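These are the residues of each chain, in order.
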Amino acid sequence: TILALSSLAETRDNETGNHIRRTQRYIRILAVALQDNQRFRDFLSDENIELLHKLAPLHDVGKVGIPDRILHKPGKLTAEEFEIMKTHTILGGNAIAAAENEVNIQSHFLRIARQIAVGHHEKWDGSGYPFGLAGDDIPIPARLMALADVYDALTCNRVYKSAIGHDEVEQIIVEGRGKHFDPDVVEIGRAH
């Protein structure tokens, strides 16, 4: 199911497939490195790390609902277009919630998938979207996906921008420590 949904997202954007594979690797590296951290230890079991790796491809599944004129726009989005783009988090979360309702059970697997899809654009300081969650109110899967997603987005060419080198991206992420990103996730990311 994950591969099918990921393939669907790939049909909308040629870069999505590579992005999915890279972010899977990044989220696993972060999760394994944080396994001994007191704040993450209870959640980051070997089983949950495997789930994070498997579910990372669903973080942008909601983009299938974004119009091509916005998804493939080569320049900066207008404020109105950005508001539409931001809905991909809710669209993805709603699709996963619909699956949860269909199977009529509380699924740990689907809950993590929904947390990733909905929360990967939340920011540590509460300035993110869709809900403006802050700090530890942001689920761990979303916090890890946020860093993996941003790192990949900045280091790779996109239709709307050129790639930035690793050192410059590292500086951007460090500057986002405690603002955009969980400080512990940034520190472990720098070490790995």
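Heads up: the structure comes first, above all this text.
A. Seen up close, the packing of helix α3 (residues 46-55) against helix α7 (residues 108-119). Running from N to C, α3 and α7 point in directions that differ by 55 degrees, and their axes come no closer than 10 Å. The angle between α3 and α7 falls in the class oblique. Considering how the two elements wind past one another, α3 and α7 form a crossing that is right-handed. Contacts from Asn-48, Leu-51, Leu-52 and Leu-55 of α3 reach α7 at His-108, Phe-109, Ile-112, Ala-113 and Ile-116.

B. Examining empty space enclosed by the protein more closely. If you walk through the whole model with that rule in mind, you get two cavities of 30 Å³ or more. For the second largest cavity, the calculated volume is near 40 Å³. As for the second largest cavity, its lining consists of Gly-119, Glu-122, Lys-123, Trp-124, Ile-138, Ala-142, Arg-143, Ala-146, His-180, Phe-181 and Asp-182. The leading source of residues in the lining of the second largest cavity is helix α8 (residues 140-155), at three residues. Class assignment for the residues of the lining of the second largest cavity results in five nonpolar, two polar and four charged.

C. Seen up close, the nonpolar core. Formed by 35 residues in total, the largest nonpolar core has its most connected members in Leu-34, Leu-44, Leu-52, Leu-55, Ile-112, Leu-144 and Val-185. Elements represented by at least two residues in this core include exactly α2 (16-34), α3, α7, α8, α9 (166-175) and α10 (183-191). No other element matches α8, which puts seven residues into this core. With residues near it in sequence (within four places) discarded, Leu-44 still touches Ala-31, Leu-34, Gln-35, Ile-49, Leu-52 and Leu-144.

D. Just the side chain of Arg-143, in detail. Mapping Arg-143 onto the fold places it in helix α8. A polar contact is formed between the side chain of Arg-143 and the side chain of Asp-136, at a distance of 3.2 Å. Filtering out sequence-adjacent residues up to four positions away, Arg-143 remains in contact with Arg-39, Phe-40, Trp-124, Gly-135, Asp-136, Ile-138, Asp-182 and Val-185.

E. Local environment of α8. Compared with an ideal rise of 1.5 Å per residue, which puts 16 residues at 22 Å, α8 spans 23 Å between its outermost C-alpha atoms and is within 8% of the ideal. The element α8 is largely enclosed, with a buried count of 15 among its 16 residues.

F. Structural context of unusual backbone geometry. The residue after Tyr-129, namely Pro-130, is reached through a cis peptide bond having omega 15 degrees. Here Pro-130 is to be found in the loop between α7 and α8.

G. Summary view of the layout of surface pockets. Of the voids in this model, the largest pocket is the one considered here, and its volume is about 1100 Å³. Phe-82, His-121, Ala-153, Arg-158 and Tyr-160 are the residues nearest the centre of the largest pocket, which is lined by 34 residues in total. Per-element tally for the lining of the largest pocket: the top contributor is α8, with four residues. Of the residues that constitute the lining of the largest pocket, the class distribution is 13 nonpolar, eleven polar and ten charged. The computed volume of the second largest pocket comes to approximately 320 Å³. If you trace the second largest pocket, you find 13 residues lining it, with Tyr-151, His-166, Gly-189, Arg-190 and His-192 closest to the centre. Residue assignment for the lining of the second largest pocket shows that the elements contributing at least two residues are α2, α8, α9 and α10. Split into classes, the residues belonging to the lining of the second largest pocket amount to eight nonpolar, three polar and two charged.

Definitions and cut-offs
- Residues numbered from 1 in each chain as written.
- Predicted model: local features only at pLDDT ≥ 70, side-chain atom pairs only at ≥ 80, totals over all residues.
- Heavy atoms only, no water.
- Axes fitted to C-alpha atoms, helices over the stretch in contact; angles between N-to-C directions.
- Helix = DSSP H or I, 4+ residues; strand = E, 2+ residues; numbered from the N terminus.
- Parallel < 35°, antiparallel > 145°, perpendicular 65-115°, else oblique.
- Left-handed = near helix turned anticlockwise from the far one by under 90°.
- Contact = heavy atoms within 4.5 Å.
- 1 Å grid on protein atoms, 1.4 Å probe; cavity = no way out; pocket = protein on both sides within 12 Å on 5 of 7 lines; lining within 4 Å.
- Points joined across faces, edges and corners; volume = space filled by probe spheres on them.
- Nonpolar A, V, L, I, M, F, W, Y, C, P; charged D, E, K, R; others polar.
- Core = buried A, V, L, I, M, F, W, Y, C linked by side-chain atoms within 4.5 Å.
- Buried < 20%, exposed > 50% of the residue type's maximum accessible area, 1.4 Å probe, protein only.
- Polar contact = N/O pair within 3.5 Å; in protein donor to acceptor, adjacent residues only side chain to side chain.
- Expected span 1.5 Å × (residues − 1).

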